[in-house]
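Commentary on secondary and tertiary structure
One letter stands for each residue in the lines below.
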Amino acid sequence: AAWEAENEYRIILDDFWENHQNSRKFSYKFEDLDGIIFGIKTPTDQKLSIIDAVRKKCEKTGRELFNFYQASYNSKTSQIEIEPIPLLSDISQIPK
């Protein structure tokens, strides 16, 4: 399958976690993130909010590059495809 070569981690939570919202928060190192993949149904206002938060975090940490990707459904192949959004990778070019 197309996803077999992906180098990503996913966390699957069972029903116990659904009732423990504070327990669902996980820590990570920002510098370890390559980027963010926006899902097919992610609303534009949420994307803009996330992009702004990442831009601010990059400014604070001195990071110049951060990758954003968009997932879309390809009806010809019946698969979800992930494409980079190149205009957003240079954080310094994102308007404030």
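The following refers to the structure shown. (Residues numbered from 1 in each chain as written. Predicted model: local features only at pLDDT ≥ 70, side-chain atom pairs only at ≥ 80, totals over all residues. Heavy atoms only, no water.)

**Some details on the nonpolar core**
By size, the foremost hydrophobic cluster in this structure holds 8 residues: Phe 30, Phe 38, Ile 51, Val 54, Cys 58, Phe 66, Phe 68 and Leu 88. It is helix 2 (residues 44-61) that provides the largest number of residues to this core, a total of 3 residues. (Core = buried A, V, L, I, M, F, W, Y, C linked by side-chain atoms within 4.5 Å. Buried < 20%, exposed > 50% of the residue type's maximum accessible area, 1.4 Å probe, protein only. Helix = DSSP H or I, 4+ residues; strand = E, 2+ residues; numbered from the N terminus.)

**Details of the pattern of salt bridges**
Counted by the stated rule, this structure contains 3 salt bridges. Its salt-bridge partner being Lys 56, residue Asp 52 comes within 3.2 Å of it at the nearest N-O pair. Pair noted here: Asp 52 and Lys 56 are both in helix 2, with a separation of 4 residues, about one helical turn. Of the charged contacts in the structure, one is a salt bridge between Arg 55 and Glu 59, with a shortest N-O distance of 3.0 Å. Of this pair, Arg 55 and Glu 59 both sit in helix 2, 4 residues apart, roughly one helical turn. When salt bridges with common partners are traced through the structure, they connect Asp 52, Arg 55, Lys 56 and Glu 59 into a single cluster. (Salt bridge = Lys/Arg side-chain N within 4 Å of Asp/Glu carboxyl O.)

**Comments concerning the environment of Cys 58**
Within the fold, Cys 58 resides in helix 2. A residue is classified by how much of its surface remains accessible, and Cys 58, at 0% relative accessible area, is buried. The spacing of Cys 58 and Phe 30 is 28 residues in sequence and 8.9 Å in space, taken between C-alpha atoms.

**Remarks on unusual backbone geometry**
Located in the positive-phi region is Ser 78, a residue other than glycine, with phi close to 60 degrees. Mapping Ser 78 onto the fold places it in the loop between strand 2 (67-74) and strand 3 (79-84).

**Concerning the environment of Phe 68**
Structurally, the position occupied by Phe 68 is in strand 2. When the C-alpha positions of Phe 68 and Phe 38 are compared, they lie 7.5 Å apart, and in sequence the two are 30 residues distant.

**Concerning the packing of aromatic side chains**
Tallied over the full model, the rule gives 3 aromatic pairs. Ring centres of Phe 30 and Phe 66 lie 5.5 Å apart, and the angle between their planes is 5 degrees; this geometry places the pair in the stacked category. Remark: Phe 66 occurs in the loop between helix 2 and strand 2 and Phe 30 occurs in the loop between helix 1 (15-18) and strand 1 (35-38); sequence separation between them is 36 residues. A single burial state applies to Phe 30 and to Phe 66, both of which are buried. For Lys 57, the ring lying beneath its charged end belongs to Phe 30, and the centroid distance is 5.8 Å. Stacked on the ring of Phe 30, the Lys or Arg Arg 63 has its end atom at 5.2 Å from the ring centre. (Phe/Tyr/Trp six-rings, centres within 6.5 Å; stacked < 30°, edge-to-face > 60°. Lys NZ or Arg CZ within 6 Å of the ring centre and 35° of its normal.)

The analysis is restricted to geometry; functional conclusions fall outside its scope.
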